[in-house]
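The lines below spell out each chain.
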Amino acid sequence: MLEEVERWLDRRSWSVADRPIDQLLAAKQAHGTTVSVVLPALNEEATVGEIVAVIRRELMSEAVPLVDELVVLDSGSTDRTAEVAAAAGARVVARDEVLPRIPAAPGKGEVLWRSLLVTGGDVVCFVDADLREFDADFVTGIVGPLLTDPDVEFVKAMYDRPLSTGPAGGQGGQGGRVTELVARPLLNLHWPQLAGFVQPLGGEYAARRSLLERLPFPVGYGVELGLLVDALHTVGLDALAQVDVGVRLHRHQDDRALGRMAAAIYRTAQLRLSRGHLVRPRLTQFDRTEEGFAPRTHAVDTEERPPMLEVAEYMRKRRVA
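Procedures and definitions
- For every chain, the first residue of the written sequence is number 1, and numbering continues from 1 along that sequence.
- Local features in this predicted model are restricted to residues of pLDDT 70 or higher, and side-chain atom pairs are both shown and tallied only at a pLDDT of 80 or more, whereas totals for entire chains, interfaces and linings draw on every residue.
- The side-chain quantities take in all heavy atoms of the structure and omit both hydrogens and water.
- Counting from the N terminus, the helices are DSSP H or I runs at least four residues long and the strands are E runs at least two residues long.
- Relative accessibility under 20% of the residue-type maximum defines a buried residue, over 50% an exposed one, and the middle range a partly exposed one, all with a 1.4 Å probe and only protein chains included.
- The method behind every accessible area is Shrake-Rupley, applied with a 1.4 Å probe, and residues are considered shielded solely by the protein chains displayed.
- Points on a 1 Å grid, built from protein atoms alone, make a cavity when a 1.4 Å probe fits but cannot get out and make a pocket when they are open with protein on both sides within 12 Å along at least 5 of 7 lines; residues with an atom within 4 Å of a point are the lining residues.
- Grid points are joined across faces, edges and corners, and a volume is the space filled by probe spheres set on the points.
- When DSSP finds two or more bridges between a pair of strands, those strands are recorded as paired.
- Each reported salt bridge corresponds to a side-chain nitrogen of Lys or Arg within 4 Å of a carboxyl oxygen of Asp or Glu.
- Distance and chemistry together define a polar contact, namely a pair of N or O atoms within 3.5 Å, with one atom able to donate a hydrogen and the other to accept it when in protein, and with adjacent residues in sequence counting only for side-chain atoms on both sides.
- This arc is built from the directions going out from the helix axis to the C-beta atoms.
- The contact rule is simple, with two residues in contact once any of their heavy atoms fall within 4.5 Å.
- Note on terminology: a nonpolar core comprises buried Ala, Val, Leu, Ile, Met, Phe, Trp, Tyr and Cys residues joined through side-chain atoms within 4.5 Å.
- Only the stretch in contact is used when a helix axis is fitted, and all axes are lines through C-alpha atoms; the angle between N-to-C directions ranges over 0 to 180 degrees.

**Observations regarding the overall build of the protein**
Here is step 1 of the chain: Per the secondary structure count, the protein includes 11 helices and 14 strands.
Here is step 2 of the chain: Out of the 321 residues belonging to the protein, those deemed buried represent 52%.
Here is step 3 of the chain: As displayed, the protein offers around 14600 Å² of accessible surface, 50% of which is attributable to carbon and sulfur atoms.

**Some details on empty space enclosed by the protein**
Here is step 1 of the chain: Following the criterion strictly, the structure yields 2 cavities of 30 Å³ or more and no others.
Here is step 2 of the chain: In terms of residue count, the dominant contributor to the lining of the second largest cavity is helix 6 (residues 137-148) (4 residues).

**Remarks on the pairing of strand 7 (residues 154-160)**
Here is step 1 of the chain: In terms of residue burial, strand 7 counts as a mostly covered element, since 6 of its 7 residues are buried.
Here is step 2 of the chain: Both strand 7 and strand 8 (residues 205-208) contribute to a ladder of 3 bridges, which runs antiparallel. Across the sheet, Lys156 pairs through a bridge with Tyr205, a residue of strand 8.
Here is step 3 of the chain: As judged from the 6 bridges shared by strand 7 and strand 10 (residues 240-247), these two strands associate in the parallel manner. From the neighbouring strand, Lys156 faces strand 10, where its bridge partner is Gln242.

**Digging into the pattern of salt bridges**
Here is step 1 of the chain: Under the defined criterion, the tally for this structure stands at 20 salt bridges.
Here is step 2 of the chain: Of the charged contacts in the structure, one is a salt bridge between Arg11 and Asp238, with a shortest N-O distance of 2.8 Å. Within this pair, whereas Arg11 is found in helix 1 (residues 3-12), its partner Asp238 is found in the loop between helix 9 (223-235) and strand 10, the two being separated by 227 residues in sequence.
Here is step 3 of the chain: For the salt bridge of Arg305 with Glu110, the shortest nitrogen-to-oxygen distance reads 2.7 Å. Taken together, the residues Arg305 in strand 14 (residues 304-305) and Glu110 in helix 5 (residues 108-115) connect sequence positions 195 residues apart.

**Thoughts on the environment of Glu224**
Here is step 1 of the chain: Topologically, Glu224 is positioned in helix 9.
Here is step 2 of the chain: Taking C-alpha positions, Glu224 is 9.9 Å from Lys156, a pair spaced 68 residues apart along the chain.
Here is step 3 of the chain: Among the polar contacts listed, one links the side chain of Glu224 to the side chain of Tyr205, at a separation of 3.1 Å.

**Describing helix 2 (residues 21-31)**
Since the α-helix packs 3.6 residues into each turn, any two residues three or four apart lie on the same face.
Here is step 1 of the chain: Those residues of helix 2 that fall on the buried side of the exposure criterion are Leu24, Leu25, Ala27 and Lys28. Projection of helix 2 onto a plane perpendicular to its axis shows the buried side chains occupying an angular sector of 165°, all on one side. Away from its buried face by more than 90 degrees, helix 2 exposes Asp22, Gln29 and Ala30.
Here is step 2 of the chain: Buried residues in helix 2 make contact with strand 2 (35-41) and helix 6.
Here is step 3 of the chain: Backbone geometry just downstream of helix 2 places Gly32 in the positive-phi region, at approximately 65°.

**Focus: the nonpolar core**
Here is step 1 of the chain: Among the nonpolar cores identified, the biggest contains 49 residues, and Phe154, Val178, Leu194, Phe217, Leu225, Leu240 and Ile265 are the most heavily contacted of them.
Here is step 2 of the chain: Here this core gets 7 residues from one element, more than from any other, and that element is helix 9.
Here is step 3 of the chain: The next biggest cluster of nonpolar side chains, apart from the first, holds 44 residues, and it includes Trp14, Leu24, Leu39 and Ala85.

**Structural notes on the sheet that holds strand 3 (residues 69-74)**
Here is step 1 of the chain: In spatial order, the strands read 1-10-7-8-5-2-3-4; together these 8 strands make up an open sheet with mixed pairing. Two strands in the sheet have a free side with no partner beyond their single neighbour: strand 1 (13-15) and strand 4 (91-94). Ignoring which end each strand starts from, the neighbouring axes of this sheet average 25° apart.
Here is step 2 of the chain: Here 4 bridges tie strand 5 (residues 123-126) to strand 8, and the two strands are oriented antiparallel to one another. What sits directly across from Val123, in strand 8, is Arg208.

So, in structure tokens, the structure goes:
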């Protein structure tokens, strides 16, 4: 590990307990900073309601007004995600209603990018909508450094990520298979300054709007790696940080979905390494059939959205605000 990264780990890695809620509220009030929380959601009726309820109850009360805005950006759910989220107290926005002149692409990054148009906070906090046993520490932890340290621009959550819990309560193996097999090797080899991030692909992170609006957003699974790499090049390592928020429990994807995720992440990395010859944006996987193994070919996410500062509708909204 680079000496620079070792110093960064000491200087920019914290625990959620390092910043009590009273300190965050005082800093927020002193600087007049507003906070938006965004939950990108696709068919998450089983979990989104509890996440919204916890944030509303613990971080949006009269006693603890840390979060100013809570938005669930629905990515075309076919279940009751929107209904459940609204009933729990979130403002629900449909992906296709945001920036309608640009047809929406499928993918998480697309939703995060569009969320900048329907939120107004100085700090934007992203939280995945499939988390179980959600704790408000996921929000306070990653928002905290942005409220208390003006030199910090981008903060990722770090956590234990158990793959499963057995009947006796013992944890199974660690999750994050794509992180360990794809993202971490890529970062260590090509962006060694980012080798200190424990969960580089984690979906819980917060950043200043003034940074996010300057970054391109990969539309699909590559969004987390893309934003992290681009943030490094835009504001430098010392403006990035991570906070330990405990344990993250969520729904795990099957191996084929992870394969498609890995391909998208690799493609995102390569786009940033070279604008020359690129790998073929297709991934072939195999299913067992009665006739033997049958190939199934999937397109790999390749599209990226431009920085919001280049979108006319966003700039008009910012001028009005």
